[in-house]
Amino acid sequence: MEPMIKIEHLDKTFRGKTQTVYALKDINLDIQKGDIFGIIGMSGAGKSTLIRCMNFLERPTSGTVKIDGKDLAALSDRELRKTRQEVAMIFQHFNLLQQRNVRGNIAFSMEIAGMKKADIDARIDELLEIVDLKDRALMYPAQLSGGQKQRVAIARALATNPKIILCDEATSALDPATTQSILKLLKDINRKYGITIVIITHEMSVVESICSHVAIIDDGQLAEVGTVEKVFTQPESRTAKRIIYQKSAGGQAALGKRCIRVVFDGKSSYEPVISNLIMECKIAVNIMFADTKDIDGKAYGHMILQLPEDRLQGDRAIYYLRSKNLVVEELEEYVI
């Protein structure tokens with residue numbers, strides 16, 4: 001089946017008077033219809049440039065971008081504008097028109113598309129219901145909270161029945177509770193309408209709570225791509241490990257110490273495995289870091305443990321944990 005978004009050998013270069021910046025290098029990515037796909041990376045990694053290339057707000061220097069089988073570079077300006085109506089975008093700072101109320105902001109994209117006023121009004125009523133803002137319809141952006149502003153932006157994005165919604169750091173300006181409510185709304189929209197959603201973020205917690213697949217980008221290149229479960233539980237690239245472990249141990253290294261990462265799946269994350277290890281094996285371990293997350297309705301978690309200096313005792317601890325069907329990996333010095 002043809003992916004909803006197919007990117008092949010995409011490069012993006014910015015040339016200035018004194019220097020050339022290689023923002024994206026040989027990006028190859030397939031995003032399937034109906035996926036919620038996360039793209040994560042640190043600041044300056046190239047993720048925002050990548051998402052802007054997906055709808056040709058930035059034209060790639062080379063390579064191809066196909067939306068639902070259509071090569072964007074091969075489209076006329078008119079065809080490209082029509083295709084962009086199928087690819088909505090949500091921004092970090094909402095980008096609402098301050099002089100328009102909620103209804104006016106939602107109407108904007110439909111007015112540009114040339115819809116009739118009666119159809120626009122009816123569609124606005126539907127959208128206000130979807131984003132739960134019926135009682136805010138006549139308010140202006142200055143009267144809304146950050147979460148309400150983003151709900152208006154989501155309603156505006158949905159107005160022209162897009163096939164794809166691109167979210168560029170859409171929750172970065174929101175507090176944690178509001179972030180979760182916006183992510184829940186996006187997930188509900190994805191399930192109800194089958195809209196493909198691409199989320200750009202620097203926060204692993206956003207990816208883990210909503211996305212089915214994730215691509216990790218570093219210095220303009222894809223470091224790793226896979227299901228969220230696979231990348232979270234078995235990261236292969238150094239970049240993925242750095243992002244997943246970035247909160248570990250407050251960033252403090254345990255120099256000269258042997259540390260392991262223990263990954264829990266839905267069942268084992270609620271069993272007292274570490275307590276049992278200490279009691280049954282008579283081994284002392286130091287919990288450097290622990291975290292649990294919910295991914296697609298299943299509980300996942302990981303711990304970073306500091307093992308005894310005695311090599312044999314450490315090996316025994318690893319053997320015990322693996323006997324409980326847990327993923328155990330020894331950490332290199334750069335991870336912690």
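Because the structure is predicted, anything quoted here is derived from the model rather than measured. (Residues numbered from 1 in each chain as written. Predicted model: local features only at pLDDT ≥ 70, side-chain atom pairs only at ≥ 80, totals over all residues. Heavy atoms only, no water.)

Visitor: Hey, could you run me through the UniProt feature "domain: ABC transporter" (unreviewed entry) in the chain in this one?
Guide: UniProt records the feature "domain: ABC transporter" (unreviewed entry) at residues 5–244, using the numbering of this structure. Helix makes up 38% of residues 5–244 and strand 27%, and the two end C-alpha atoms of the span are 26 Å apart. (UniProt positions renumbered as here; feature names shortened; annotations may be inferred. Helix = DSSP H or I, 4+ residues; strand = E, 2+ residues; numbered from the N terminus.)

Visitor: How should the pairing of strand β8 (residues 196–201) be read in this particular structure?
Guide: Consecutive side chains along a regular strand alternate between the two faces of the sheet. In terms of residue burial, β8 counts as a mostly covered element, since 6 of its 6 residues are buried. Alternating positions in β8 separate into two faces, Thr 196, Val 198 and Ile 200 on one and Ile 197, Ile 199 and Thr 201 on the other, with burial throughout. Relative to β8, strand β3 (residues 36–40) runs parallel, the two sharing 5 bridges. Considered in β8, the bridge of Ile 39 is made with Ile 200. (Buried < 20%, exposed > 50% of the residue type's maximum accessible area, 1.4 Å probe, protein only. Pairing = 2+ DSSP bridges.)

Visitor: What is the right way to look at the sheet that holds β3 in this model?
Guide: Strand order in this open sheet of 6 strands is β6-β7-β8-β3-β9-β10, and the pairing throughout is mixed. Two strands close off the open sheet at either side, each with one partner strand: β6 (87–91) and β10 (221–227). On average, each strand axis in the sheet is inclined to that of its neighbour by 15 degrees, with strand direction left out of account. As defined by bridge partners, β6 adjoins strand β7 (residues 164–168) across 5 bridges and the pair is classed as parallel. Within β7, the position partnered with Met 89 by the bridge is Leu 166. This element, helix α1 (residues 47–54), spans β3, β6, β7, β8 and β9 (213–218) of the sheet and lies at about 155 degrees to β8. Contacts from helix α5 (residues 146–158) reach β6 and β7, with the element oriented near 170 degrees to β6. (Axes fitted to C-alpha atoms, helices over the stretch in contact; angles between N-to-C directions. Contact = heavy atoms within 4.5 Å.)

Visitor: Please clarify how the pairing of β10 should be interpreted in this entry.
Guide: Bridge count for β9 against β10 is 6 bridges, and the pairing is antiparallel. Among the inter-strand pairings, Ile 216 is bridged to a residue of β10, identified as Glu 224. Remark: 2 residues form the turn of the hairpin made by β9 and β10, two consecutive strands paired antiparallel; Asp 219 in that turn has positive phi of roughly 50 degrees.

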